[in-house]
Protein chains: 2
Amino acid sequence: MNKRLAIGIDLGGTNLRVALVTRDGEIIRKEKEPTSEKILDSLFRLLDSIFSEDIAGIGLGVAGLVDREGGKITISPNIPAIEGINLAKEIRERFRVPVFIENDANAAALGEKWIGAGKEFSDFVLFTLGTGIGGGIIKDKKLLDVAAEIGHMTINTDGEKCHCGNSGCLEAYASARAILSKVVSALEKGRESMLIRFHNGNFYKLSVEDIYRMALEGDNLAREVLKEAGRHLGIGIANIVNVMSPEAIILAGGLAGAWDIYIQEAIKEASKRAFQKLFDTVKIIPSLLGEDAGIIGSAGLVFHGYREI
Amino acid sequence: MNKRLAIGIDLGGTNLRVALVTRDGEIIRKEKEPTSEKILDSLFRLLDSIFSEDIAGIGLGVAGLVDREGGKITISPNIPAIEGINLAKEIRERFRVPVFIENDANAAALGEKWIGAGKEFSDFVLFTLGTGIGGGIIKDKKLLDVAAEIGHMTINTDGEKCHCGNSGCLEAYASARAILSKVVSALEKGRESMLIRFHNGNFYKLSVEDIYRMALEGDNLAREVLKEAGRHLGIGIANIVNVMSPEAIILAGGLAGAWDIYIQEAIKEASKRAFQKLFDTVKIIPSLLGEDAGIIGSAGLVFHGYREI
């Protein structure tokens, strides 16, 4: 009997997200909850409420380094509560269905390959541009089983300190965290900007959306910071183009919304840095599935495993 | 009838190298000639002299971007004479055997996988450390069909000018060309060093071997320059470890000989920058085949194609 549905879980960002997904990649039910310290309790409660006889299996996308075969999360800097736990095994024992575990950005890449912006490509690299920067690599229509921690390529030898302990990482320059920190630090120093009008002047509450909006309206500080972050993203893109020579780079995550300034600057910088012949053939495009890419891709693991999609 | 031999060609470095290789990867005859503008004449002459009825096919490793399927060399900055030429087709028409074409560092990676330092690994990345820096990636026991231009990852945003047109490339800091240029520039400024005793004081004739030898004897300039180059190589290694999470990094090319200073410094730097868990599992080892890796790997293409070795 061919069970109709899979559960896809995204344990990657600020929310825990769980969805019921069909064999065509369609989401028929979706739940989310803010990530907390009791994330495992929340996860099991959500799974209990959504599980049925019609479930073929469960796929998990998790922020951090994942041991596919062992089913373990080796490191998860943002969700330490799940580090070292054999989450796949625990879920398998409770629900008695096949369980797949994968890095969250890898799962998102698989989602985009299955029914998203990557559908037409054999080889692409997904960048997740959010608080941090992650990556997932599709090669020959399959998810490449590598760390793909593209946010932690050093792009500046003696550069800024990164959360990972290294310095000069792409993430330390081009992530939402980096953008917010640059803006706040300028405002603290009294730099003039329309951004000061937001949140009653409490600029610690600014979001990258606020910054992008003001940048579009011509605010100098907002434009400068977004452009500088974009320039660094362009370096990261050029590095990946020169090493992986993909057919496409797919840009996902909240920051990809800042296309007209941040991403345009990145494309301009990458065009200067990558090998011309490689840059000429790569398409740089936005994600199609947005924040659903991870849950769809995780569910896709249940139907396709790590095989060609 | 199973023909016994393949011809492997390495069009990568300062010499054109051609060899007869058995199905076991053993070289039974080897020819080399300095690369010149008439490289194609030399190549065909060598092939004419070495070809026999026992040849199953011909494999070529070529410096630059290679179009596997088309058989063409898209760009070859060091050997412009072969750019744009459909070399595979020309050779195929002349000798009427299967012809394979591949990037030279990729071919070397394949050689190391077949009978060299990479034999035991499913996933590794080869760095070729010479005048320039190249790379080849073995994933799941197969050569990954990507550019692998790891020498042209930007590791320093506003860094030194590179031959490729970009600035801040790994190659601009960690290659033999970069090391020689740093040493010469210091000597031109009158910096004291034992290196001045070589070649009757004509320091433009220094080689990286000279520099390494004097570094081992405690020469400050030689040590400084090699260590600084090694530190930058370490950044390149860390970037590759974080993105490709290989089981091994194999270091080939003349500079890998400077193991005790240049490579040791690189390993130290990479250990600080890469994700600890990834670094703990990666083995950083020297090439086993040395300058024969390319001809062996190119011949291997004839016997194995791009399939699993």
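Residues numbered from 1 in each chain as written. Chains lettered and ligands numbered in written order. Predicted model: local features only at pLDDT ≥ 70, side-chain atom pairs only at ≥ 80, totals over all residues.

Concerning the interface of chain A and chain B
On the side of chain B, 29 residues touch chain A, which itself brings 29 residues to the contact. Considering each element in turn, the side of chain A that touches chain B owes the most residues, seven residues, to helix α7 (residues 220–244) of chain A. Class assignment of the residues belonging to the side of chain A that touches chain B gives a composition of 15 nonpolar, 10 polar and four charged. (Contact = placed C-beta atoms within 7 Å. Helix = DSSP H or I, 4+ residues; strand = E, 2+ residues; numbered from the N terminus. Nonpolar A, V, L, I, M, F, W, Y, C, P; charged D, E, K, R; others polar.)

Regarding the environment of Phe 121 of chain A
The residue Phe 121 of chain A is located in the loop between α3 (104–115) and β8 (124–129) in this model. Sequence spacing of Phe 121 of chain A and Leu 60 of chain A is 61 residues, and the spatial spacing of their C-alpha atoms is 24 Å.

As for the domain arrangement of chain A
All names here are of chain A. Domain boundaries in chain A define domain 1 (5–107 + 291–304) and domain 2 (117–287). Relative placement of domain 1 and domain 2: their C-alpha centres are 26 Å apart. Domain 1 puts eight residues into the contact, and the matching count from domain 2 is 14 residues. It is α3 that provides the largest number of residues to the side of domain 1 that touches domain 2, a total of three residues. For the side of domain 1 that touches domain 2, a count of residues per class yields four nonpolar, two polar and two charged. (Domains from an automatic or database assignment.)

Examining the sheet that holds strand β11 (residues 248–252) of chain B
Residues and elements named next belong to chain B. Pairing in this open sheet of five strands is mixed, and the strands run β10-β9-β8-β11-β12 from one edge to the other. The open sheet terminates on both sides in strands that have one partner only, identified here as β10 (142–143) and β12 (283–286). Summarising the sheet, strand β8 (residues 124–129) and strand β9 (residues 133–139) pair through six bridges and their orientation is antiparallel. Pairing of Phe 124 across the sheet is with Ile 138, part of β9. (Pairing = 2+ DSSP bridges.)

Points about the sheet that holds strand β3 (residues 27–34) of chain A
Residue and element names in this part refer to chain A. The five strands are arranged β3-β2-β1-β4-β7 in an open sheet whose pairing can be described as mixed. In the strand order of this sheet, the two ends are held by β3 and β7 (99–103), each with one partner. For this sheet, the mean angle separating the axes of adjacent strands, direction not counted, is 15°. One ladder, built from seven bridges, connects strand β1 (residues 5–11) with strand β4 (residues 55–62); its direction is parallel. (Axes fitted to C-alpha atoms, helices over the stretch in contact; angles between N-to-C directions.)

Some words on the environment of Ser 207 of chain B
Relative to the helices and strands, Ser 207 of chain B is located in the loop between α5 (176–188) and α6 (208–216). Separated by 39 residues in the primary sequence, Ser 207 of chain B and Pro 246 of chain B have C-alpha atoms spaced 32 Å apart.

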